[in-house]
Structure formats: structure tokens, C-alpha cells
Amino acid sequence: MFSTLPYSIKDISEVISEDAKIADASTVIEFLLIDSRRLVFPATTLFFALSSARRRGEAFVEELYKSGVKSFVVSKNFDPANFPEANFLFVDSPLQALQKLAAFHRKQFQIPVIGITGSNGKTIVKEWLYQLLQDDYNIVRSPKSYNSQIGVPLSVWQLSESNTLAIFEAGISEVGEMDVLEEVIHPTIGILTNVGAAHSAGFDSKEQKVHEKLKLFKSAYTIVSNNQDPIINAAISTRKKEDLFIWGNGDADLQIIDVEKSEKQSLITGSYNGSPVNILIPFTDNASVENSITCWALLLYLKVADDTIAKRMLQLQSVEMRLQLKKGINNCSIINDSYSNDLSSLRMALDFLHQQAGNQSTTVILSDLGETTSSEEQYHKVLQALIQHRVHKFIGIGPRLAALQSLFGSAIPQSFFYNSVDTFTHQFLNIRFRDEVILLKGARAFEFEQINLLFEQKVHQTVLEVNLSAMAHNLKEYQRYVQPATKVMAMVKAFSYGSGSAEVASVLQYHKVDYLAVAYADEGVELRKAGIKLPIMVMNPENITFQSLITYNLEPEMYSFAILKAFNKYLQNEGFQQFHVHIKIDTGMHRLGFEEEDINELVDFLSENPRLVVKSVFSHLAASESATHDAFTTHQVGLFLQTCDKIKIATGYSFIRHISNSAAIFRYPQFQFEMVRLGIGLYGVDSSAEKVLSLQPVASLRSTIAQIRKVKKGETVGYSRRGFVNRDSLIATIRIGYADGFSRKLGNGVGRVFINGNLAPVVGSVCMDMTMIDITDIAGVEEGDEVEIFGTNLTVEEVAKLCDTIPYEIMTSVSQRVKREYYQE
């Protein structure tokens, strides 16, 4: 229909809409958007107003319109009167319109398209095929697990005239969905990995599920599959033999003869066209063996040479999926696989558990089987799998498992059963977990996230109280000095200056800050897991965290050519066409950032690599709080603006500029630009010390008195007898020490704590877990009484001064074993 790409809004209107209000028919559309947080290029973006159970998609039109988006696909009952300069395409269903447009786009290309479906292994096979074929083709592929009714159209939209091969995966959960995805992907080659019990709730039987999945290959020239499943064999038997490429046993095209596993590799031998063939892969688990054979079969079908296949197979790299190993409490390691729970995925997870455990004890925490017919026979198979993998301790959660405790308990002596997650969490502290590898395997309905948090929970009697109302007040104080059009980025790095990242981020999100910034990717991941949807900048990205950045939509700071080029290469390898980055400029702080002599090379690299979309350019002011250094601050800003101009010319688009920190917001209002950064000021500390703002302390560190004793004149208190008592004294021991963040510099009379309306001096050295104070002159003090370390009565600035340091250090030194409590007035 159209001879060139991209499309105009008028072109798209003719494809998906019979009713349109077009303000500018020449508007060119390059990008499709369903999430307002991922907006990159407003002028060439078409927003599809997809609705959810909580909110209509049209609710975001006004926000996006103000951000520069001028093209929208909306429901027919939407009133566009308030958006006179926008193009509106009215449809019955924005989702169906998205799918229809992607299907049309797919038909413009006559290249090989591989469509992959199955219950498990889709993403692994797709990523491995990319690794194996990237030297031969210009490949476009689904980003990670974009295999849904929404993800597939967005993946296919990436097709461009430069691509010579496409690889897309498709997943379904009910009857009828694959008909839509087949129209969108329209594969020329089909791959069916396997069909298990995962996501089976929407199907009457496995036969129906297989039938639905095979609809993806309605027009495919060839289907690659295995002959290990009689139901699949029966379903594909209607296809001509020349339309199939089968691996397995018997008369398979690729006959698998043997799999020989060593410590870190597997040698797979077979026969193809009457000749012996083999590959060596750097994996030993069964899932990887099966997925690698599927890839091998596809390469043979494509007539890749045997020596090339052998070389590339040995170089396969693992693809990080939902199974993740991380450290937990009491020297435990946690594998959190609470995405699904069926026999097939359980076996794979147990393989991983067994592989990672080594000589450590293993524990499985399992929910009732989900999304499948839970017959007793299947639970027998679960028990068999647990026994085969030599699981030492088993915890079953759910009514079905609880009813079968005699069966499991007789085979695994250390077995415990609970009817619900709530019952388990209430008994958690009564179960011993130490020095073991623990697999959490739960169906989605059981919300095993609660259990995962228990293994990360840290409890300590000393408490850091966080006043969320005070934080909201401080935000409003600064907003009074921020220009209306200027965005606010809140710094929540270092566990939100010790106050607790997720909780603080939630209140900031509620009060409409525009951006969050963290120091490291894992801080951003924690926020995403806690439901934070705001854009998040990661200030210190590392190569090993690139996957986390992508998975959790975290935007990295680029401060050197090494990290810039590494991330660009990673995006290329992962198949991403664009991703937000933030460019850090060193204008005089001399910590991180591109220097003045780097800028020409930087702008050249950015212009040559458009997948790196510059969301912002920023710098740090070294001394904005000090009038003594005003001239240097002005110099920094001048250098910053020159650099921004160069980057804008090179990229051809605008971006956010930000250089002002908390102190600069009101000291230099002319330098606020498009965004400012709020740091420790949010937490009630006025870094400028000019007392312009009426800030309230957010964090209060409190402890309690463990014991009170009488100490006679001439005796000593604490290590090395440093606490000499020159009178008969009353000494209280409080439950805080340097391991909690109470600095040793506060020992021997330097520090004070607040109790019963008075300040009590520290006596002797600060211990690891305890500190002694002199309460001789304070009446009415009893064991168990509360002590304020810093807060409303003894400010963190005062404590910092006693330690000859800054409030930042005091707040961020409060250890993670100190319990955080949050309240709102």
C-alpha cells in the first residue's frame, strides 16, 4: 500500500481507523507507545490508549499532550475538544488497533521470520538463535519476553528495511489468542519448544492447548519440533513431512543418540542425513540440553556448516531468566522462582537448585500446583522429583499439599506444611534456616513475594523512625522555589540516605516528583519490585547490571567512554532499538563525567549510535551552598551550557538539562533549567545553612536502655578503662553501638544522647552493640526508657558536628540491621 517507511498519521489512519480527527496529516510516526513513562520522541510517537482494570488509557492523553505527543489512538467515545493540535484515531479497541497496525507492518517485509512458541524455553531459544546467527543476518527479535498480545505487536513494529531475519516469540493463555498473534508475526519458520502444564487454565485439555499453539504456524513453510510428545506428534501429523524438521529418536530428521554430561559441558551426539554429527555445549542441565538441540535443528535446516555450528554452540552464553540466585539471611542463598508452578518448570528449577547447592543443604518451599489439574498422581510426581534431586527439607504451602503431608513426610523427614502463606509467615521464626540453598517455587496466586521478603528482613531493637509527613512538607518547601515548568528529581540513593528506599520513594511518587535517582542498579530494582513507576536514573551503572537496567526500565548515567560503549554494545546484542541514558559532564567537580576535551568525540559517538537516546545531560555543582565560590559556580554552569548546545546539535533533539542541587534551587533560580535535583534537603537538612527554608527533620534514630547500674567514684567504664568516673554515678547501657552506625568518635564524653528532656554524655568507648551514658543528673530514668540518638531534640547536624563530619555520613551510616518504622501524621 505504501512504498516507503515510516508512515504518516494519514497512512496509519487508513489502516486502523474509519473515524479520525487529523490536525496535521503530514505527521510522521516512527514510534508506538503504550506506557507514558517510556516517552522518547514526542513528535513522532503514536500513543495507544490501552486501558487496565484500574485506569483508562485515555487518562494519560493530557499528560502526553503537554509533553509534546500529538498523535493518539483512543476509544470512540473520547472527546478530543481540549487538544486542538492533536491527531486522534478513533477505534473500537486500541489493543486491536495496535495488533492490526503491526500485522500490516509485518506484511511490508519479505524476509525469513521465525516464530517461536511453547510452554518453556521460548526466550532462551530466541536469544540463543540470535547468538548463533548474528554473524550471518541482521536480526530483529523480541526484547526478552515480549510475547503477549501487547508485546508481540511492539516487537514486530521494530522491523526495518535493514533487517534480513526476524525472530519473535509468542505466548498464549487462552483459546483464540494465537489467531491474533499469527496475523502479527506471520512466521515463515515455526519452532515449537514443548507444551507443558504452565498457563493451562485457559484450555480444556492439553490437546486443545497444542492445537491453539500450532495455529502460529498456519502459513509457515517449516515447523521445527521434537517427537518426544505423542500429543504434539498427533497434532502435526496432518502436515506434509517435507514441511517438518523433527529432532528426537526413531525416524527424526535429527536423531539424538546420546547426551554425555561432564562437570560443565554436555556432548550431544546424533545422526543427520545418515551421517554422525555432534555438538558440545557449555551447560549440563536438561533444559539447556533440550533448548540447544532445538537451536541445532534450526541451524541444520538453514544449512549452516557443521564446523560452524560446533564452534558457535560451544560459545553459547547463558541467558538470565526468572530463576535468580541471591544471598539471604543466615548465610542462605535464595532462588526465587515464584513466577509459575507446574511439573515441567519445577523439574528445571530443581535442576538449577541441585547445580548451585554443591555441598550445601537444600530446601524447597513449594505451593500447591497452579494452572493445572492437581491430581494426586501429579503430586506423586512432585515428590519423586524432590527425592531424585535429594532435597533435604521440604515446606508445602496450600490446602492440597497440607492434605498430603503424610505422603511427603514419610519420604522427606524434615517436612512442614501450612494451609496458606499467612500461616507460614506467622510461624517463620520457628523454623531454622541457616547455611542452605532455598528454592521458592510458587504459583502466582500464592504471592510468594511475601516469603521472599522474609528471607531479606532485618530486625533490630534500635529503630530509625521516618516521618513521611515531614518529607512531604520539605518537598513542598522546595517546590515553592522551583519554577512551574521545572521538573524535580529526588535523590533516593544510599537507601534514601539511610531512611528506606521503597517507602520514601512511594511518598515522593504520591506527591508527584518527576524523577528518582539511585546510586546503583540494585537500589533501582528494589524500587521497581516495590511498585515504583517513576523514571529512575542509576548514577553508577556497572557492566554486570546491564540486564537489570533493561529488565526493570532503569536509566543509566553515562560518565565515561568505557561505560558508554559497553552499554551501547549490550543494547545492540540484546536487540534493543533505543534506550534512555543520562550524560554526565564534569564541569569542575572532578569526580565522574566527560571532560571538556572529550565532548567532540562524545557528540560524534552519540550521533552515530541513535539507540542511545539522551534523556538528560547534567553536571554537579561543587560548592553551590557557598557564596565564596559563586564565581566558580557560574563558570561551571557556563561550561555546562556550552556542552549541552553541542550535544543538541549533534543529536538533533532536545533533552532535559539539570545542574542545580538542593542549595542551588533557591540560591541560583536562573540555573534551574528543565529539572533540579533534591537531595538531603528532602530529609530536613539545609545544606546551604542559610535558614531560608522551614524544614522538618524526617529521620529520628532511637534506642532503649538495656540496663542501669551504679558505678563508684574512681572506677572505670568500658574497654581499655577509658571511661573514668570522678564521682559516684548512675550509668545506663543503651542498645546501640558502632555496628548500628553510632560512631566511635562520639565516645569518651564527646557525644550526647537525649533522654527525659535532657542530654546525657557518652561514657567510655562506644562498643560494637552497646554504648554507656551518664544519667546521674537526670531524674526518673528507668530501664527500657527510650533514648533519642538524633531527631527533633538533637539534630543530625549537631551530631555530625560532634563527629567532625557532615549529616550525609551520619544518616547513611545507620546500618541495615536497624529496623525502619514509617509513620504519617
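Report follows, based on the coordinates. For every chain, the first residue of its written sequence is number 1, and the numbers climb from 1 along that sequence. The model is predicted, so local features are restricted to residues of pLDDT at least 70 and side-chain atom pairs to those at 80 or more, both for listing and for counting; the totals for chains, interfaces and linings are taken over all residues. Just so you know, side-chain values use all the structure's heavy atoms and leave hydrogens and water out.

On to the overall build of the chain. For helices the rule is a DSSP run of H or I covering at least 4 residues; for strands it is a run of E covering at least 2, with both sets numbered from the N terminus onward. Across its full length, the chain carries 27 helices and 40 strands. The quantity called the radius of gyration is restricted to C-alpha atoms. Its globule counterpart is 2.2 Å times the number of residues to the power 0.38. Compactness check: the chain gives a C-alpha radius of gyration of 31 Å against a globular reference of 28 Å for 825 residues, within 12% of the reference. Within the chain, the fraction of its 825 residues that count as buried is 55%. What makes two residues a contact is simply this: any of their non-hydrogen atoms within 4.5 Å. Counting only contacts in the chain whose residues sit at least 6 apart along the sequence, the fraction spanning at least 24 positions is 64%. Every accessible area reported is derived by Shrake-Rupley at a probe size of 1.4 Å, with residue values counting cover from the shown protein chains alone. Accessible area of the chain: about 36,300 Å², with a carbon and sulfur share of 48%. We treat Lys and Arg as the positive residues and Asp and Glu as the negative residues; His and chain ends play no part in the count. A single reference atom marks each charge: NZ on Lys, CZ on Arg, CG on Asp, CD on Glu. Distance between charge centroids for the chain: 3 Å, based on 79 positive and 94 negative side chains. Burial classes: relative accessible area under 20% of the type maximum marks a residue as buried, over 50% as exposed, and values in between as partly exposed (1.4 Å probe, protein chains only).

So, about the nonpolar core. In this structure, Leu 508, Leu 516, Phe 567, Ile 583 and Leu 602 are the most contacted members of the largest nonpolar core, which totals 106 residues. Ranked by residues supplied to this core, first place goes to helix 22 (residues 561-574) with seven residues. Of all hydrophobic cores here, the second largest spans 38 residues; its members include Tyr 130, Trp 247, Ile 279 and Leu 299. Here, nonpolar core refers to any group of buried Ala, Val, Leu, Ile, Met, Phe, Trp, Tyr and Cys residues whose side-chain atoms link them within 4.5 Å.

Here helix 7 (residues 206-214) has its buried residues at Lys 209, Val 210, Glu 212, Lys 213 and Leu 214. Summarising the contacts, the buried residues of helix 7 are in contact with strand 8 (113-117), helix 6 (177-185), strand 11 (189-192) and helix 8 (230-236).

Let us now look at the sheet that holds strand 25 (residues 515-518). Two strands form a pair only when DSSP identifies at least two bridges running between them. One open sheet accounts for eight strands, arranged 30-29-28-27-26-25-24-31; its pairing is parallel. What marks the edges here is a single partner per strand, and that holds for strand 30 (656-658) and strand 31 (675-678). Across the sheet, the axes of successive neighbouring strands diverge by a mean angle of 30°, strand direction being ignored. The axes are straight lines fitted to the C-alpha atoms, using for helices just the contacting stretch, and the angles between their N-to-C directions are given from 0 to 180°.

So, about the packing of aromatic side chains. A pair of aromatic rings is counted whenever rings of Phe, Tyr or Trp (Trp by its six-membered ring) have centres within 6.5 Å, and the orientation is called stacked for planes under 30 degrees apart, edge-to-face for over 60 and tilted otherwise. Tallied over the full model, the rule gives 29 aromatic pairs. Where Tyr 7 meets Trp 157, the ring centres are 5.7 Å apart and the plane angle is 50°; that geometry is what we call tilted. With Tyr 7 in strand 1 (residues 7-8) and Trp 157 in the loop between helix 5 (151-156) and strand 10 (165-169), this pair connects stretches of sequence that are 150 residues apart. The burial state of Tyr 7 is the same as that of Trp 157; both residues are buried. Ring geometry for Phe 433 versus Phe 455: centroids 5.0 Å apart, planes at 75°, classification edge-to-face. Here Phe 455 lies in the loop between helix 16 (449-454) and strand 23 (463-467) and Phe 433 lies in the loop between helix 15 (421-427) and strand 22 (436-441), a separation of 22 residues in the sequence. For the pair Phe 433 and Phe 455, a shared accessibility class is recorded, and that class is buried. Members of the aromatic cluster, each reached through a chain of ring pairs, are Phe 47, Tyr 65, Phe 72, Phe 78, Phe 83, Phe 88 and Phe 90.

If you trace the nine strands from one edge of the open sheet to the other, you get 9-10-8-11-12-13-14-15-16, paired in mixed fashion. Only two strands of the sheet have a single neighbouring strand rather than two, namely strand 9 (139-141) and strand 16 (275-281). Each strand axis lies, on average, 20° off the axis of its neighbour in the sheet, ignoring direction. As judged from the four bridges shared by strand 12 (residues 222-226) and strand 13 (residues 244-248), these two strands associate in the parallel manner. Residue Ser 225 lies in a different strand from strand 13, and its bridge partner there is Ile 246.

All right, on to unusual backbone geometry then. Phi is positive for Asp 435, close to 55°, though the residue is something other than glycine. In this fold, Asp 435 is placed in the loop between helix 15 and strand 22. For Asp 435, a relative accessible area of 38% gives the class partly exposed. One non-glycine residue with positive phi stands out, namely Phe 673, at about 50°.

Moving on, we come to helix 3 (residues 94-106). Expected span of a helix: the number of residues minus one, times 1.5 Å. Here helix 3 contains 13 residues, and its C-alpha end-to-end distance of 18 Å stays within 8% of the 18 Å for a straight helix at 1.5 Å per residue. When you tally the buried positions in helix 3, you get 10 out of 13 residues, the bulk of the element. Buried residues of helix 3: Pro 94, Ala 97, Leu 98, Gln 99, Leu 101, Ala 102, Ala 103, Phe 104, His 105 and Arg 106, and no others.

Moving on: the pairing of strand 8. Remember that side chains alternate between the two faces of the sheet whenever the strand is regular. Within strand 8, five of the five residues are buried, which leaves it mostly tucked inside the rest of the structure. The sheet contact formed by strand 8 and strand 10 spans four bridges and is parallel. Opposite Gly 115, over in strand 10, you have Phe 168 as the bridge partner. Two strands pair when backbone bridges link them, and strand 8 and strand 11 are joined in this way by four bridges, in the parallel orientation. Of the residues in strand 11, the one forming a bridge with Ile 116 is Ile 191.

With that out of the way, let us pick up the packing of helix 4 (residues 122-133) against helix 9 (residues 286-301). Running from N to C, helix 4 and helix 9 cross one another at 50°; their axes reach a closest spacing of 10 Å. Here helix 4 is positioned oblique relative to helix 9, judged by the angle of their axes. By crossing handedness, the relation of helix 4 to helix 9 is classed as right-handed. Across from Ile 124, Val 125, Trp 128, Leu 129, Leu 132 and Leu 133 in helix 4, the residues of helix 9 making contact are Ser 288, Asn 291, Ser 292, Thr 294, Cys 295, Leu 298 and Leu 299. Under the scheme applied here, ten amino acids are nonpolar (Ala, Val, Leu, Ile, Met, Phe, Trp, Tyr, Cys and Pro), four are charged (Asp, Glu, Lys and Arg), and all others, including Gly, are polar. Split by residue class, the contact of helix 4 with helix 9 holds nine nonpolar, four polar and no charged. The scheme is simple: roughly parallel for angles under 35 degrees, roughly antiparallel for over 145, roughly perpendicular for 65 to 115, oblique for anything else. By convention the crossing between two helices is left-handed if the near helix lies anticlockwise of the far one by an angle smaller than a right angle, and right-handed if it lies clockwise.

On to the environment of Tyr 481, then. Secondary-structure assignment places Tyr 481 in the loop between helix 17 (468-479) and strand 24 (487-491). C-alpha of Tyr 481 to C-alpha of Val 382: the two residues are 99 residues apart in sequence and 62 Å apart in space. Apart from the residues within four sequence positions on either side, Tyr 481 is in contact with Ile 665, Phe 666, Gln 672, Val 692 and Leu 693.

Moving on to the packing of helix 22 against helix 23 (residues 599-608). Axis separation between helix 22 and helix 23 bottoms out at 12 Å; the angle between their running directions is 5°. Classed by the angle they form, the pair helix 22 and helix 23 counts as roughly parallel. Seen from helix 22, the contacting residues are Phe 561, Leu 564, Lys 565 and Asn 568; seen from helix 23, they are Glu 601, Leu 602, Phe 605 and Leu 606. Across the contact of helix 22 with helix 23, the residue classes tally to five nonpolar, one polar and two charged.

Before going further, it helps to spend a moment on the pattern of salt bridges. Whenever Lys or Arg places a side-chain nitrogen within 4 Å of a carboxyl oxygen from Asp or Glu, that contact is recorded as a salt bridge. Enumeration over the complete set of coordinates arrives at 24 salt bridges. Lys 126 serves as the salt-bridge partner of Glu 127, at 3.3 Å between the closest nitrogen and oxygen. Of the two residues examined, Glu 127 and Lys 126, each falls in the buried class. If you follow the salt bridges from partner to partner, you end up with Lys 126, Glu 127, Arg 141 and Glu 169 in one network.

Taken together, the seven bridges between strand 15 (residues 266-272) and strand 16 define a ladder with antiparallel strand orientation. Residue pairing in the sheet places Gly 270 in a bridge with Val 277 of strand 16. With antiparallel pairing between neighbouring strands as the criterion, strand 15 and strand 16 make up a hairpin whose turn holds two residues, including Asn 273 at a positive phi of roughly 55°.

Now for the state of the cysteines. Any pair of cysteine sulfurs within 2.5 Å is marked as a disulfide. In the structure shown here, the tally under the stated rule is zero disulfides. No disulfide involves Cys 803; its sulfur sits 16 Å from that of Cys 767, the nearest cysteine. Overall, Cys 803 belongs to the buried group, its relative accessible area being 3%.

Below, the discussion takes up the environment of Arg 591. With respect to the helices and strands, Arg 591 occurs in the loop between strand 28 (579-585) and helix 23. Distance from Arg 591 to Asp 769, taken between C-alpha atoms, is 35 Å for residues 178 residues apart in sequence. Those residues in contact with Arg 591 that sit more than four places away from it in its chain are Asp 586 and His 620. Polar side-chain contacts of Arg 591 include one of 3.5 Å to the side chain of His 620. What qualifies as a polar contact is a pair of N or O atoms within 3.5 Å, subject to a donor-acceptor requirement within protein and to the restriction that residues adjacent in sequence count only when both atoms come from side chains.

Our next topic: the environment of Ser 626. Tracing the chain through its elements places Ser 626 in the loop between strand 29 (612-619) and helix 24 (630-651). Between the C-alpha atoms of Ser 626 and Ala 664, which are 38 residues apart in sequence, the distance is 9.7 Å. When near neighbours in sequence (up to four residues on either side) are disregarded, Ser 626 contacts Arg 667 and Tyr 668.

Distances and angles like these do not, on their own, reveal function.
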